Amino acid sequence: MERHQLFVVRFDQGECAFGWIAPGTFYEKFDGVLSSTLGLRVATQLELLLGKVSGARVFCDCSSLVTYDFAARDMLVRAFFSRRAEAR
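Presented here is an overview of the structure given in this document. (Residues numbered from 1 in each chain as written. Predicted model: local features only at pLDDT ≥ 70, side-chain atom pairs only at ≥ 80, totals over all residues. Heavy atoms only, no water.)

**Notes on unusual backbone geometry**
Now for step 1: Despite not being glycine, Asp12 has its phi angle at roughly 55°, a positive value.
Now for step 2: Considering the arrangement of structural elements, one finds Asp12 in the loop between β1 (7-11) and β2 (14-22). (Helix = DSSP H or I, 4+ residues; strand = E, 2+ residues; numbered from the N terminus.)

**With respect to the environment of Tyr68**
Now for step 1: By the secondary structure assignment, Tyr68 is in strand β4 (residues 57-68).
Now for step 2: C-alpha separation for the pair Tyr68 and Gly32, spaced 36 residues apart in sequence, amounts to 8.6 Å.
Now for step 3: Leave out the neighbours within four places in its chain, and Tyr68 touches Leu34 and Arg73. (Contact = heavy atoms within 4.5 Å.)

**Describing the side chain of Asp61**
Now for step 1: Looking at the element boundaries, Asp61 is found in strand β4.
Now for step 2: Residue class for Asp61 comes out buried when judged on its relative accessible area of 17%.
Now for step 3: Only 2.7 Å separates the side chain of Asp61 from the side chain of Ser63, close enough to count as a polar contact. (Buried < 20%, exposed > 50% of the residue type's maximum accessible area, 1.4 Å probe, protein only. Polar contact = N/O pair within 3.5 Å; in protein donor to acceptor, adjacent residues only side chain to side chain.)

**Remarks on the pairing of strand β3 (residues 25-34)**
Now for step 1: Counted residue by residue, β3 has seven buried out of ten residues, so it is predominantly covered.
Now for step 2: Taken together, the eight bridges between β2 and β3 define a ladder with antiparallel strand orientation. Looking across to β3, one finds that Trp20 is bridged to Phe26.
Now for step 3: With nine bridges connecting them, β3 and β4 associate as parallel partners. For Leu34, the partnering residue across the bridge sits in β4 and is Tyr68. (Pairing = 2+ DSSP bridges.)

So this is what it looks like as structure tokens:
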């Protein structure tokens, strides 16, 4: 089985691990607190990693998330949808 690298971004009391885990399958796992600062850092990295992918499945594990900032959630959603619009 091929190994895939996960990137980890941490800030204060929160953490996000993310990356391609299989062809066409993107994974994210959030732990702790998803602050606006952590959300911005992850969204920036997502835009770089996703590039101009024309289609992908996303698995997002939020089971260990304690709380989140709405602005952080919006930044992450925009990062995914901006790539979707550019791929069309």
